[in-house]
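# Inside the fold
Each chain is listed here by its residues.
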Amino acid sequence: MAEELANAISEAARVMKNADFLLLASGAGLSADSGLATFATLTAKMGAQLGEGVTYDHAAGSDTMARDPQLFYAFWLSSLQNYCKTEPHAGYNVLREWRLMLEGRAASRRAEDNVLSEPEHPAFVLTSNVDGWSSFCDVAAPGALAQIHGCIHQWQCGGAPSGKRFPTFTKDRCCDDLFEPPSAEGLNFDAVPLRYEQPPPRCPKCKDGWLRPHIYLFGDGSRFINKEDVTGEQRFRRWQEETLAALRAKSNLKLVIVEIGCGLRVPNIRKRCETLFAGSPQGQCEFVRINPEATDQKFEAKPTVFVQSTALAALENIQSQVLELASSQ
């Protein structure tokens, strides 16, 4: 296993050294080395704070806001505090360095060929994480980020609950505006069970609807605002199209997809990575998957390089070899 991992890290470093375009795709496993819980560990980590028999997906769910606001707001305000107080690990610095490296290469290509048609950003960040760290740590350049599940640092009108089992809401959200998170003043984050005892925070615009995180919640459907400024779905689609067009125009260009910490419970990022890899010109794309858990399941394609490791260790080891390769030139 040690030899297999070492070989995979060396191959990933070689791939990164030759990259012209880069997709940095991440799930909860990227932030886990900083101490944040993943989908697989969240219920166990919060334990008794959630309450007996309560799972994280129930506490975080869209209907729970209306039916058990004390649990819902305690969960999300506690999550917000964790994201704000936790220090991102050093792997985010590595990802930023990779982005800057690709931007330098793109600038050199453009200086040599001023008619070269390429995407504005050679590196793009696609994430299902809602912590905002890809932006906070400058992993993503402005305009090159898609947070497909939203971000906890913006909140939206969630509509007005009915107080009844059905219909759950008497009014839908009043607008598509985003707002600052509410205050968590008075919430005892160490309480067992953890419950929010204040009145639910209200939408600053309509004063009637309840504020909720701008996050795609379990059971959300159309309640979530697919705000392009945050989710970046159209940006990512354009970047894919422009990158693939650049690859087809010049056969010596290479795309590298680095997928980090993406599981199968919510496989949205995995699917997008595999789809892009499968649709890329043959021989012009490498697909690196970093994950401590191996799986044979695929949606469209398997990675060309599998690094079976946690995110931080893999990123630091790959970067060490990238730097060695660069210095030996």
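Residues numbered from 1 in each chain as written. Predicted model: local features only at pLDDT ≥ 70, side-chain atom pairs only at ≥ 80, totals over all residues. Heavy atoms only, no water.

## Remarks on the sheet that holds strand β8 (residues 211-215)
Rules: By this definition, two strands are paired if DSSP reports at least two bridges between them. For the purposes of this entry, the term helix denotes a DSSP run of H or I that reaches at least four residues, the term strand denotes a run of E that reaches at least two, and both are numbered from the N terminus. In this description, contact between two residues means that some pair of their heavy atoms is separated by no more than 4.5 Å. Fitted lines through C-alpha atoms give the axes, limited to the stretch in contact for helices. The angle between two N-to-C directions lies from 0 to 180 degrees.
If you walk across this open sheet you meet the 3 strands as β7-β4-β8, and the pairing is antiparallel. Each end of this open sheet is capped by a strand with a single partner; those strands are β7 (178-179) and β8. In terms of strand pairing, strand β4 (residues 150-157) meets β8 through 5 bridges, oriented antiparallel. Counterpart to Q156 in the pairing with β8 is R212. Against the sheet, helix α6 (residues 69-85) makes contact with β4 and β8, and its axis sits at roughly 140° relative to β4, the strand it touches most.

## Considerations on the sheet that holds strand β9 (residues 255-260)
The strand order across the open sheet built from 6 strands is β3-β2-β1-β9-β10-β11, with neighbouring strands paired in parallel fashion. Edge positions in the sheet fall to β3 (145-147) and β11 (305-307), since each has one partner strand and no second. Sheet twist, expressed as the mean angle between neighbouring strand axes with direction ignored, is 10°. Where strand β1 (residues 21-26) and strand β2 (residues 123-127) come together, 5 bridges link them in parallel fashion. Of the residues in β2, the one forming a bridge with S26 is T127. In the packing of helix α1 (residues 2-17) onto the sheet, contacts are made with β1, β9, β10 (285-290) and β11, and the angle to β11 comes to roughly 125°.

## Topic: the environment of V54
Stated precisely, the cut-off is as follows: Here's how the labels work: a residue is buried when its accessible area is under 20% of the maximum for its type, exposed when over 50%, partly exposed in between, all with a 1.4 Å probe on protein chains only.
Relative to the helices and strands, V54 is located in the loop between α3 (42-46) and α4 (56-59). Judged by its relative accessible area of 17%, V54 falls in the buried class. C-alpha of V54 to C-alpha of A28: the two residues are 26 residues apart in sequence and 21 Å apart in space.

## Thoughts on the pattern of salt bridges
Quick note on the threshold: Each reported salt bridge corresponds to a side-chain nitrogen of Lys or Arg within 4 Å of a carboxyl oxygen of Asp or Glu.
Counted by the stated rule, this structure contains 15 salt bridges. One salt bridge connects E118 with R109, and the closest N-O pair in it is separated by 2.7 Å. You'll find E118 and R109 in the same group, each marked buried. E274 serves as the salt-bridge partner of R289, at 3.0 Å between the closest nitrogen and oxygen. Taken together, the residues R289 in strand β10 and E274 in helix α11 (residues 268-279) connect sequence positions 15 residues apart. Judged by relative accessible area, which is 4%, R289 ranks as buried. Within this structure, E259, R270, E274 and R289 form a network of salt bridges that share partners.

## Points about the nonpolar core
What counts here: For our purposes a nonpolar core is just a set of buried Ala, Val, Leu, Ile, Met, Phe, Trp, Tyr and Cys residues, chained together by side-chain atoms within 4.5 Å.
Counting 68 residues, the largest nonpolar core has L22, W76, W98, V258, V288, I290 and V307 as the members making the most contacts within it. Ranked by the residues each element gives to this core, the list is headed by α6, at 9 residues. If sequence neighbours within four positions are ignored, W98 has contacts with M16, L22, L24, V258, L315, I318 and Q319. Counting 25 residues, the second-largest nonpolar core is a separate cluster that includes A25, A144, L276 and F277.

## As for unusual backbone geometry
Put simply, F166 and P167 share a cis peptide bond, and its omega is -5°. Locating P167 in the fold gives a position in the loop between β5 (160-161) and β6 (169-171). The linkage connecting V192 with the following residue, P193, adopts the cis geometry, with an omega of -5°. Even without being a glycine, D138 presents a positive backbone phi close to 60°. Relative to the assigned elements, D138 resides in the loop between α8 (133-136) and β3. Even without being glycine, K207 reaches a positive phi, approximately 65°. By secondary structure assignment, the location of K207 is in the loop between β7 and β8.

## A word on the packing of aromatic side chains
Filter applied, for reference: Stacked, tilted and edge-to-face are the three classes applied to pairs of Phe, Tyr and Trp rings, where Trp contributes its six-membered ring and a pair requires centres within 6.5 Å; stacked means planes under 30 degrees apart, edge-to-face means over 60, and tilted covers the rest. As a reminder, the over-ring test applies to NZ of lysine and CZ of arginine, requiring each to be within 6 Å of the ring centre and within 35 degrees of the ring normal.
Tallied over the full model, the rule gives 9 aromatic pairs. An angle of 70° between the planes, with centres 5.8 Å apart, marks the rings of Y56 and F218 as edge-to-face. With Y56 in helix α4 and F218 in the loop between β8 and α9 (228-231), the pair connects residues that are 162 residues apart, well separated along the chain. Judged by its relative accessible area of 10%, Y56 is buried. Judged by its relative accessible area of 37%, F218 falls in the partly exposed class. Taken together, a centroid distance of 5.1 Å and an interplanar angle of 90° make the contact between F72 and Y73 edge-to-face. A connected cluster of aromatic rings, assembled from ring pairs, spans F72, Y73 and Y196. In this structure, R109 is placed above the aromatic ring of F21, and the distance from its NZ or CZ to the ring centre is 5.3 Å.

Note that every value here comes from positions in space, so none of it alone points to a role or purpose.
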